[in-house]
Amino acid sequence: MKLSFVVPCYNEEKNVPLFYEAVKKDFEKADYDYELVFVNDGSTDGTFKALKALCDGDVPVKIINFSRNFGKEAAMYAGLKESEGEYVTIIDADLQQKPSIAFDMVRILDIQPEFDCVAAYQAERSENEAVIFCKDIFYKLINKFSDTEFVKGASDFRTFRRPMVEAILQMDEYFRFSKGLFSWVGFNTKFIPYVAEERATGESKWSFLKLFRYALEGIFSFTTAPLKIATYTGLATSVLSVIYLLIVVIQKLFCGIDVKGYATIVVLILLLGGIQLMCIGIIGEYIARTYVQTKGRPIYIAREVIKNDKYEKKE
Ligand code: UDP
Ligand code: MG
């Protein structure tokens, strides 16, 4: 098997057949075999039924049917795990990422052996200003504080060689931030620009709040720098308060000035209280992640894995 498509699907009932047809059309000219590994991530619509209908076609199809919604990260992990191809492409089911680009990715890997991965990044984005601004800040922060490199606009739409897939699978951490994991494992990645299409049907599952949480996930997963906020602000306020103490003593002893400062005290108590609570919260985030990870729960649970009968023929 030359190529596996890993396709996470969450409520993509209408897109699934469109996706299948698009892949078939774009890969008509391919002189190699490929499989479609769909992950049904606890969809509440007819996605599973739509996927099962694809099993009757002439392409090898595998369906990993999750017991509930585990999220796209878990779906990608499951898909990579079940994939058999020498190359593996992660692609969305909503046709925002054209399968014809995957065809080009395969060709690049074929003729450029120095690369282990071809990743598509969005050169132009049609997002609102606030989202673009927040994303800019996120990438600046995380690249400054983390040893792992994060490429702005890079998507999960990628084609890997098998050794890189195996490396990613070795990282079975529960809190997954794939963009970071893909970069952490190393290997040579070639970035190619692409323009995301409009969703074929349905709506994106990302809200601003979800994106924000996802960004925090990236930060907590790939750097422990926030833990140092407590150390440094603690250090700075200690130094400042010693200086202030000296000033007050000198004023009292040598200048006879009574030190007033009700407002100052209230402000300082509130400020320091706030900083302390925030720092405890940050420590809590790391402890919570450690706690969940030590429980060793699986990243996903599959109700069943279905494989159609087009595999034997191809092998
Ligand atoms: N997806 C998933 N589980 C989820 C949310 C999304 O498997 O909990 C899938 C979804 O079906 C799609 C892909 O992940 O194939 C990207 O999702 P979406 O289109 O909502 O994100 P966007 O393209 O807006 O980043
Ligand atoms: Mg999408």
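Okay, so let's go over this structure. Keep in mind that what you see is a predicted model, and the values were worked out from it rather than measured.

## Remarks on the site of ligand 1
Now for step 1: Taken together, 16 residues lie around ligand 1, and Glu12, Asp41, Asp94, Gln96 and Ser204 are the ones closest in.
Now for step 2: Ala93 has a polar backbone atom sitting 3.0 Å from an oxygen atom of ligand 1.
Now for step 3: Contacts to ligand 1 include Arg199, whose side-chain N or O atom sits 2.8 Å from an oxygen atom.
Now for step 4: Contact with the protein chains covers 87% of the free accessible surface of ligand 1, which is 530 Å².

## Notes on the pattern of salt bridges
Now for step 1: Across all of its chains, the model carries 19 salt bridges by this definition.
Now for step 2: A salt bridge links Lys24 to Asp58; the shortest N-O distance between them is 3.1 Å. Here Lys24 is found in helix H1 (residues 15-26), whereas its partner Asp58 is found in the loop between helix H2 (47-54) and strand E3 (61-66), with 34 residues between them in sequence.
Now for step 3: Among the residues examined, Lys24 registers a relative accessible area of 29% and is labelled partly exposed.
Now for step 4: When its relative accessible area of 41% is taken as the criterion, Asp58 is described as partly exposed.
Now for step 5: We note a salt bridge from Arg162 to Glu166, for which the minimum N-O separation is 3.0 Å. Of the two residues, Arg162 and Glu166 both sit in helix H6 (residues 162-170), four residues apart, roughly one turn of that helix.
Now for step 6: Each of the salt bridges in this network shares a partner with another, and the network as a whole consists of Glu35, Lys62, Glu84 and Lys307.

Here is what the cut-offs are and how they apply
Residues numbered from 1 in each chain as written. Chains lettered and ligands numbered in written order. Predicted model: local features only at pLDDT ≥ 70, side-chain atom pairs only at ≥ 80, totals over all residues. Heavy atoms only, no water. Near = heavy atom within 4 Å. Polar contact = N/O pair within 3.5 Å; in protein donor to acceptor, adjacent residues only side chain to side chain. Areas by Shrake-Rupley, 256 points an atom, 1.4 Å probe, with all protein chains shown as cover. Salt bridge = Lys/Arg side-chain N within 4 Å of Asp/Glu carboxyl O. Helix = DSSP H or I, 4+ residues; strand = E, 2+ residues; numbered from the N terminus. Buried < 20%, exposed > 50% of the residue type's maximum accessible area, 1.4 Å probe, protein only.

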